[in-house]
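# Coordinate analysis (summary)
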Amino acid sequence: MKYCRIILMFCLITITGTASADNLIAGDVQNYLAYGAIVSMLLLIVIALLVLVRTFNVLTKVVLKSEGYTDAQIQAQLHPPKKAKKPKGEVWNKLLSLRPMAEEKELLIEHDYDGIQELDNPIPGWFMYLFYATIIFAGGYLLNYHVFHTGQLQYEEYKTEMAQADIAKKLYLSKSANQVDENTVKLVTDPEILKAGQVIFTQNCKPCHGEHAEGNVGPNLTDDFWLHGGKINDLFKTIKYGVQSKGMPTWEKQLSPKQIADVANYIKSLHDTHPAGAKEPQGVKDVADDKLASTK
Amino acid sequence: MQPEKFYYDNKIVRNFGIATVLWGIIGMTVGLIIAIQLYAPGMNMNNQYTTYGRIRPLHTNAVIFAFVGNAIFMGVYYSLQRLLKARMYSDWLSKIHFWGWQLIIVSAVITLPLGFTTSHEYAELEWPIDIAITLIWVVFGINMFGTIFKRRERHLYVAIWFYIATFVTIAVLHIVNSMELPISAWKSYYIYAGVQDALVQWWYGHNAVAFFLTTPYLGMMYYFLPKMANRPIYSYKLSILHFWALIFIYIWAGPHHLLYTTLPGWAQSLGIAFSIMLIAPSWGGMINGLLTLRGAWDKVRDDVVLKFMVVGLTAYGMATFEGPMLSLKQVNGFAHFSDWIIAHVHVGALGWNGFLTFAILYWVIPRIYKTELFSKKLSAFHFWIGTLGILFYAIPMYWAGFTQSLMLKEFTPEGMLKYPNFLETTLQILPMHMMRSAGGAMYLLGVIVMAYNLARTMMQGSLVANEAAQAMPLAPANTVVKEKSWHRTLERKPIQMMIAALLVILVGTFIELMPTLTVKSNIPTIASVKPYRPLELQGRDIYIREGCVNCHSQTVRPFRSETERYGEYSKAGEFVYDHPFLWGSKRTGPDLAREGEKYGNAWHYNHLMDPRLMSPGSIMPNYDWLISQTLDTTTTRSKINAMRTLGVPYALGYENIANQDLDKQANEISDNLAKDHIKVKSNKEIIAIIAYLQRLGVDIKANKTGNK
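Reading the values: the criteria
Residues numbered from 1 in each chain as written. Chains lettered and ligands numbered in written order. Predicted model: local features only at pLDDT ≥ 70, side-chain atom pairs only at ≥ 80, totals over all residues. Helix = DSSP H or I, 4+ residues; strand = E, 2+ residues; numbered from the N terminus. Buried ≥ 20, exposed ≤ 12 C-beta atoms within 10 Å, placed from the backbone. Contact = placed C-beta atoms within 7 Å. UniProt positions renumbered as here; feature names shortened; annotations may be inferred. Pairing = 2+ DSSP bridges.

A tally of regular secondary structure across chain A gives 11 helices and four strands. Within the span of chain A, comprising 296 residues, buried residues form 19% of the whole. Long-range pairs, those at least 24 residues apart, make up 65% of the contacts in chain A between residues at least 6 apart in sequence.

Listed under "domain: Cytochrome oxidase subunit I profile" (unreviewed entry) in the UniProt record, and renumbered for this structure, are residues 16-463 of chain B. For residues 16-463 of chain B, helix accounts for 75% and strand for 2%, while the C-alpha atoms at its two ends are 14 Å apart.

Residue and element names in this part refer to chain B. UniProt annotation of "binding site: heme b 1; low-spin" (unreviewed entry) refers to His 59 and His 346 when read in the numbering used here. These annotated residues cover 288 residues of sequence, and their C-alpha atoms all fall within 12.6 Å of one another, placing them together at a single site. Position of His 59 among the secondary structure elements: in helix H2 (residues 52-84). Aside from chain neighbours lying at most four places away, what touches His 59 is Gly 27, Val 30, Gly 31 and Ile 34. One can find His 346 in helix H13 (residues 339-368). Those residues in contact with His 346 that sit more than four places away from it in its chain are Tyr 393 and Ala 394.

For the rest of this paragraph, the subject is unusual backbone geometry. Note the cis peptide between His579(B) and Pro580(B), where omega equals -10°. With respect to the secondary-structure elements, Pro580(B) resides in the loop between helix H20 (560-566) and helix H21 (601-609). We note that His149(A) has phi near 55°; this positive angle belongs to a residue other than glycine. Secondary-structure assignment places His149(A) in the loop between helix H6 (125-147) and helix H7 (154-175). Despite not being glycine, His677(B) has its phi angle at roughly 65°, a positive value. Note that His677(B) resides in the loop between helix H25 (654-675) and helix H26 (685-695).

Here we come to the environment of Gln254(A). Looking at the element boundaries, Gln254(A) is found in the loop between helix H10 (232-241) and helix H11 (257-269). Sequence separation between Gln254(A) and Lys240(A) is 14 residues; the distance between their C-alpha atoms is 9.3 Å.

A word on the pairing of strand E2 (residues 180-184) of chain B. Residue and element names in this part refer to chain B. Examined bridge by bridge, E2 and strand E3 (residues 187-190) share four bridges and lie antiparallel to one another. Opposite Pro 182, over in E3, you have Ser 188 as the bridge partner. Counting the residues in the hairpin turn of E2 and E3 gives two residues.

Okay, structure coming up:
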């Protein structure tokens, strides 16, 4: 019992500890600890119950003995003879409300088809209950969605889903530093950011603009010529909204503002790298570069 | 009265049996090939005729109509004669039926790889074959009812009720879903468009499962299982209830294939409600079957035929419980378009149809050859490898379905899709697809072993082509005393029974189809949606020919995860000129409903030539033949005319100038491609399909771009 108490104390400490140490332990780790605590508590309860049962047994024996019962009488009290176990088949029969095989002869319909006979068994009650239950469910379903309008049909469901997502998104963004757009984006040369931008470039831009941005289906991004402006803000805008007439997709839905800024900066960093097989210039010359933001 | 002597026709049973095995092996081999193509696109042998989009319909048609179809006829021809104590009505009709059906299958094997397809799932065959199917089905009907009329058994046994319901319902389904306007020998347009076409197709598609894969097999189960186990049918009353309930309710459930589409909400809900009510009537068959085995379970231990039956019935019970669960819209929104559905149908097809067929073959062939099965060991091997095959097939597919759907629906806290690139989710499930093909290969191996075993059985015995039997002739109908119940009376009257079954299935058909087909307000039109330009129409027909619809859907459901990924959800009015609809039922690749103007023409050109250029790792096959093949513009006139007949508002006389417009648009695209240094003549097929892809879903955007 002493050990039990120690374990219990330990669990309590872990739970309260994790609750107060909000910033020290990551959310999912906290969750795992909590699951562990819950499972061990449940195990503890089971152990406690077993111990209690055992205690009652012992207590009964002691009490009965003190009242003058013999050992045999006590045994009889504690372990009453088990009822004869029904054969397995009969349990099934009862569960499925089937008539015993022995009565089958009475149920045979006298007719046969190519030797196949049929029994006149009633339809099992549980089968009918299942059928009725599904009919009630179906009726309830139609009432719910089309008479009482308590359930949402698909377009209302969609509105709700979008509204909820919007709330969650705003809440998250208000807390994070992810809010950057075409007006606030800054040119940086932080190698971390450029590296992140390169990964995004390889995943998404390479097929059209080439591995080194030399241009393929899309234009060369390393020269002085730009179709839609060469400032970091212009790049951000082009990536974010795309240029439908030229076949540049919108990336707004696929890349986060932070990611767009990263990849735009990466592209800016490729300027004048003169990759092999560079595509001929397209658009107008735009070298009036934006000011470099102070690198942190 | 003297008993009459007559002979059962076993030869026709044998022929259908052999056809079952041969087509089964072919259909499953094609299935294995396309399963491998889903992770090794090169398995199409760089050949358009063996590419996924064209031979996936060949796989489904071969296993449904060739393997299962021939098995049905084998089972029906064997059991019908014996249940009615009569030889088939006409040996000639039997022969016409057999060879006609094989010819239809051969024509499918030829036309589907050639790209002649209507694009309606499980009804891909073009109009001339549709007519042939109708004729052969009528031959089957005459032969069956002819036999019923000359029967020596007053009452029709439950198996025959199911055969009658099958015959009459398949006839109705096939005719309504084959309403096509032919424009040439191998091309036609469905008379329905968009939502209406979708509703008709899935009313058909769902009930092809019900009345081709289910009711005839229940009928066969009712004959063969009691014969195999030598036990009486558990409950005659349950037979009556579940037969009528099943055929009445099944016909309503089609719309559950179209949940969250633009199908009117009431129709979707009816489909869901009736699917749930279908659980008990479906299970009625399984329960009656399993309880028939009461007292014979010891035989199951060493009789492989009964083992096949038990696993088959269990698979049936699992699939018919899973089906209603999948039709609940909350589950469906997650499972639809994913591999979960592939797992679901294969539990039914491999377990229920496959295993019942094998059991019947193992039981019938030795009997009509008056011999024992060649090898019990081999049949036991077949049972175990088949069962394992099903597990190895289904479990990875469930896993793949869950994984991909979860990935597609996952958002980051910033409110962005976690996996915005569809391809990422595809690559994630490739290992499961590899495992699936291993499962399929195991199952196929079992069938090949069975074929060998049955061939050796046939060689060691000799066919009793005409099996002698005798029975008392029927007393004239009017001399029989009054029956105990109304149903017993109905069992004496085959025509009335057929009419009753017909009426029962027509109730749901009318209530569900009629309002959508006739009431205009069910499909709100959109002013900015215009008919396709001629080049786009030709491109659309190439899209149909290549079977793109087998992997790409064209309907965006109203879910955040879909509108963020693809754009605005689809509206009914967008599809009013779509003969046929191309919503699809599976997303192996991304949805294309809003594909238009998403990428440039050059992107599409490169992507069609070799998808891996633009999407590294893609499993889409190369469509390089579209670059070399020249577009056939001689059909433009008849296509425009046909579309106008179907109600698409092309101006009168437009067919005369349609090709001028086609050339104009084609030149614009090839000029645009030239800017990206892609030199391609404007008369190539790839130009037409790019035109079509760039048109997809843009009409509805027209309203908004005006404001920009």
